[in-house]
Amino acid sequence: MMKRPRITPQMLASLGLACLTIAVFALLPAGCPSTTTDPNSQVSDGNSTTGTDANDPNGTGGTDPNSPVPDTDSDGVPNATDPDIDGDGTPNSTDDDVDGDGIANVSDSDVDGDGTSNADDTTPAGDGGTGGTDPNNSSGGGTVPPVPVSVVLNEIARTGGMVPDQVAGVTFTGFSNPIIDSQGRVAFWGTYAGTGALGEFGLYIWDTQATPPALRRIIHDDPATAGIVPNRTLPTYFGSKRADFKPLDQPIAWGGGDRLLFACALVDTSTASNRRVGLYRWRASDPNLARVADFEQVSGLFPQVKKASDGTPLFDTTFYLPGISDDGLAVFTATYQYIRENNTFPSGRGVYTSTGTAVSAVYDTFLHQNLAVPEQSAGTLFDQPSLFTTINATGDILFQSLYTGSNDGRGVYLVRNATIFRVIDTRANASWPGLPLGAQVVYDPNAEFAVALGPAGHIGVDGSLTANNATNHAVLLWDPNAASWSTLTGLNATPADALASGVNNSGQAVIIAGGNPFLASGAVQTQLNATLPAQLQGAALTWGAAGAAVSNTSRAVLPYAYTDGSGSGLAFWTSQQLLVAADSKLGTPTGLAQIGVISDPESDRPGRSGTLDDADEFVFRAILSDSSQVIYKAVGQ
């Protein structure tokens, strides 16, 4: 089991993890549908002809995104020019429910009912939509590629190499661990220096849609770019005045519709304040920048925030691990502290969502000090939430939290349509379908679970389980189709030691059991190192308990180390065999000393965002023996 201690910002920084701010189920029936009525299910746009309804997860009706003419109230006037979109007699400018779907504008992820999330809709009060669609199937899936027989490494960027949009002589000095999307685009942070450098860091992508593919800058901290930060005044640009700001630690995540989320500090040249920070969305198809959430929006959730003389809220926040659904609902976690008007200093943390126009708190330790835990006894309240959370393409959000009451504990929770459901928790005397009678998840206040949420609703939980009078590490898998739990194991029912990857759309994940890696589902496990490549025959290897990745085509990437400490490597599972992709002992690539990949199951979103895509492409950061670094894109072929 991969047990993680309770996380502090300092610990995250030491681990090199990303930092920034944004915003149970009671074992539900198959597919885990919400028990909450779906207000969209009684709404029709009058123009529907064919097509499924992406805005109605219960599948019982709702606005039709395939409607040929966005005309919500069927009055013959398209939403783009209709002063009263829902036909209720109230002008859009003052209507608190513009599209008449029963959801107030402040919390509606699609205000004009056009099938486009507000986060991607440039005029969400009714323009017919300019984003949110996903023509490139960016949430993964599709045709299974032929089984590869080799891995080819392609160098994308190298320290000492040229930097896009900088003068000659300015070169890269460092990189973050990269992530890849379903189209093979690779995103990473880079730092740079040299005579004539404009700034010190930037966000870059390897753009596979360009002809030929090329390295491209998304943002950098050049003061001359003042004015490009969405929803900020002209003097503001992406950058930092804070000595403790580490650009390579800032979170990034790909989402559907060619969207890239990133967190970054901001500089306003008109003020000395260094508290400005935000979470933003860049879209490859435009390209277009949009605010997801910033320090000012988050501070607006809290009472009596004191302001500096220049009007800046005295509110410090750090954002963590964002994610986004294909409809543009973003989730993020944050820690914060601020000064109130009475000069007290509240602090806390929480899980938040953003529609692009409004930020909401799912659970916040300061705002929700008396939030009851679903399906627990009266007086049981949420306590400290984990800063690791995840979201899938349909907008389901998974998080974990401590709870306090007559019996303290820890639970995992699913958020669907803004309602919190219990997944599993550490209470005694509970009954969990599929697990032995009397089985109890072990409570440790100082060790977090590792959790993963699959594209099809499977949920993985890495913890310990007491069952049949024995306590063992356990990786549990919820199957929404069978509506039951299973325990993932190695051969001969050996308990899993760790959940090493996310969960794919078939309910498969990479686990470590008995020291060996397996691709396991509820019913089947495949030992991935049963036959080693010729280069590794006879080697004693330790397989990484974190940092693996899985695709929706049942391919996988596995980190390993030589047990004697003589080197480390990265292997690719082709669904038939392992291939060596990189190995410092073998000199593949030349000079390799260490390998950097993202290391949390929550960040491994199969087919969407992570180390591996569904086209047998994966990415890693190589640290060479001379301390230089290279970003590689590996391709199985």
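What you see is a predicted model, and the numbers here were worked out from it, not measured in a lab. Numbering of residues starts from 1 in every chain and runs along the sequence as written. Where local features are concerned, this predicted model is filtered to residues with pLDDT of at least 70; where side-chain atom pairs are given and counted, the filter is 80 or more; whole-chain, interface and lining totals use all residues. To obtain the side-chain values, all non-hydrogen atoms of the structure were included, while hydrogens and water were left out.

J.: Looking at this model, I keep getting lost on the overall build of the chain. Mind explaining?
T.: Helices and strands together make up the secondary structure of the chain, namely two helices and 39 strands. Evaluated residue by residue, the chain yields a buried proportion of 57% over its 637 residues. Total accessible area on the chain stands at roughly 23400 Å², and carbon and sulfur atoms take up 50% of it. Strands are runs of DSSP state E lasting at least 2 residues, helices are runs of H or I lasting at least 4, and numbering of each runs from the N terminus. Between buried and exposed lies partly exposed: a residue is buried under 20% and exposed over 50% of the maximum accessible area for its type, with that area taken using a 1.4 Å probe on protein chains only. Accessible areas in this description were obtained via Shrake-Rupley with a 1.4 Å probe; residue shielding takes into account the shown protein chains only.

J.: When you look at the pattern of salt bridges in this model, what are you seeing that I'm missing?
T.: Any two side chains of opposite charge can pair if their charged atoms end up close together. The salt bridge definition used is simple: a Lys or Arg side-chain nitrogen within 4 Å of an Asp or Glu carboxyl oxygen. In the structure shown here, the tally under the stated rule is 18 salt bridges. Between Arg 232 and Asp 294 there is a salt bridge, and its shortest N-O distance comes to 3.4 Å. Taken as a pair, Arg 232 in the loop between strand S7 (214–220) and strand S8 (236–238) and Asp 294 in strand S12 (residues 288–294) lie far apart in primary sequence, 62 residues in all. Like Asp 294, Arg 232 is buried. Among the ionic pairs, Arg 283 bridges to Asp 286, the shortest N-O distance being 2.4 Å. Linked through salt bridges whose partners overlap, the residues forming this network are Arg 232, Arg 291, Asp 294 and Glu 296.

J.: Just to check I follow, could you spell out the sheet that holds strand S38 (residues 617–624) for this structure?
T.: The strands making up a sheet associate through hydrogen bonds between their backbones, and the pairing can be parallel or antiparallel. Pairing between two strands is assigned when DSSP locates at least 2 bridges connecting them. Taken together, the four strands give an open sheet; going across it, the order is S2-S39-S38-S37, and neighbouring strands pair in antiparallel fashion. Each of the sheet's edge strands pairs with one partner strand only, and the pair in question is strand S2 (151–158) and strand S37 (592–596). Here the average twist between neighbouring strands, direction ignored, is 35°. With seven bridges joining them, S38 and strand S39 (residues 629–636) adopt antiparallel strand pairing. Bridge pairing links Ile 623 to Gln 629 in S39. Axes here refer to lines fitted to C-alpha atoms; in helices the fit is confined to the stretch in contact. Angles between the N-to-C directions go from 0 to 180 degrees.

J.: Help me understand the sheet that holds strand S16 (residues 359–364) in this model?
T.: The four strands lie next to each other as S13-S14-S15-S16, forming an open sheet whose pairing is antiparallel. Single-partner strands in this sheet number two, and they are strand S13 (315–324) and S16. With direction set aside, neighbouring strand axes in the sheet form an average angle of 30°. Inspection of the sheet shows S13 paired to strand S14 (residues 330–338) by eight bridges, in the antiparallel sense. By the bridge assignment for S14, Phe 315 is matched with Tyr 338.

J.: Looking at this model, I keep getting lost on the packing of aromatic side chains. Mind explaining?
T.: The geometry of an aromatic ring pair is captured by two quantities: the separation of the ring centres and the angle between the planes. Pairing of aromatic rings covers Phe, Tyr and Trp, the last through its six-membered ring, and needs centres within 6.5 Å; plane angles under 30 degrees mean stacked, over 60 mean edge-to-face, and all others mean tilted. For the structure on display, the rule yields 29 aromatic pairs. Three or more aromatic residues link up through ring pairs in this structure, and these residues are Trp 189, Phe 201, Phe 238, Phe 245, Phe 262 and Tyr 280. The ring of Phe 449 carries Arg 410 above its face, with NZ or CZ at 5.9 Å from the centroid. A cation over an aromatic ring shows up here: Lys 585 above the ring of Tyr 562, its NZ or CZ 4.6 Å from the ring centre. Only when the NZ atom of a Lys or the CZ atom of an Arg is both within 6 Å of the ring centre and within 35 degrees of the ring normal do we say a charge sits over the ring.

J.: How should I be thinking about the environment of Val 167 in this particular structure?
T.: Looking at the element boundaries, Val 167 is found in the loop between S2 and strand S3 (171–175). Separated by 29 residues in sequence, Val 167 and Gly 196 place their C-alpha atoms 6.6 Å apart. Two residues qualify as a contact provided that any one of their heavy atoms is within 4.5 Å of a heavy atom in the partner residue. In this view, Val 167 contacts Thr 195 and Gly 196; residues no more than four positions away in its chain are not counted.

J.: What is the right way to look at the pairing of strand S34 (residues 556–562) in this model?
T.: Where a strand is regular, its side chains alternate between the two sheet faces. For S34, the tally of buried residues reaches six of seven residues, placing the bulk of the element in the interior. Sheet topology note: the strand S32 (residues 541–543)/S34 ladder contains three bridges and is antiparallel. Within S34, the residue paired with Thr 542 across the bridge is Ala 561. Alignment of strand S33 (residues 549–550) against S34, held across two bridges, turns out to be antiparallel. Looking at S34, one finds that Val 550 is bridged to Ala 556. Between S33 and S34, which pair antiparallel and follow one another directly, the connecting turn spans five residues, one of which, Ser 554, has a positive phi of 65°. Linking S34 to strand S35 (residues 568–573), which pair antiparallel, is a turn of five residues; within it Gly 565 sits at a positive phi near 80°.

J.: Just to check I follow, could you spell out unusual backbone geometry for this structure?
T.: A negative phi holds for most residues other than glycine; trans holds for most peptide bonds. Of note, the bond from Thr 211 into Pro 212 is cis; its omega dihedral lies within 30 degrees of zero at -5°. Tracing the backbone through its elements, the reader meets Pro 212 in the loop between strand S6 (201–207) and S7. Cis geometry is adopted by the peptide bond preceding Pro 287, which originates at Asp 286 and carries an omega value of -10°. Position of Pro 287 among the secondary structure elements: in the loop between strand S11 (277–283) and S12. Even without glycine at this site, Glu 375 takes up a positive phi of about 60°. Here Glu 375 shows up in the loop between S16 and strand S17 (381–385). The class for Glu 375 is partly exposed, based on a relative accessible area of 45%. With phi around 55°, Asn 492 is a residue other than glycine that occupies positive phi space.

J.: Would you mind showing me how to read the environment of Pro 322 here?
T.: For Pro 322, the location among the structural elements is in strand S13. With relative accessibility at 2%, the residue Pro 322 sits in the buried group. The contact partners of Pro 322, leaving out residues within four places of it in the chain, are Pro 251, Ala 253, Leu 261, Leu 279, Val 331, Phe 332 and Arg 605.

J.: What should I look at first to understand the side chain of Gln 297 in this one?
T.: Note that Gln 297 resides in helix H2 (residues 295–299). Taking the relative accessible area as the measure of exposure, Gln 297 reaches 17% and is therefore buried. For Gln 297, the contacting residues outside a window of four places in its chain are Arg 291, Val 292, Thr 357 and Val 359.

J.: For this particular structure, what's the right way to read the environment of Asp 497?
T.: Along the polypeptide, Asp 497 turns up in strand S28 (residues 496–499). Distance in space between the C-alpha atoms of Asp 497 and Val 475 is 7.6 Å, their sequence separation being 22 residues.

J.: Mind showing me how you'd approach the side chain of Ser 299 here?
T.: Relative to the helices and strands, Ser 299 resides in helix H2. Judged by relative accessible area, Ser 299 falls into the buried class, the value being 6%. Discounting chain neighbours no more than four positions away, the residues touching Ser 299 are Val 305, Pro 313 and Phe 315.

Structural measurements only, silent on function.
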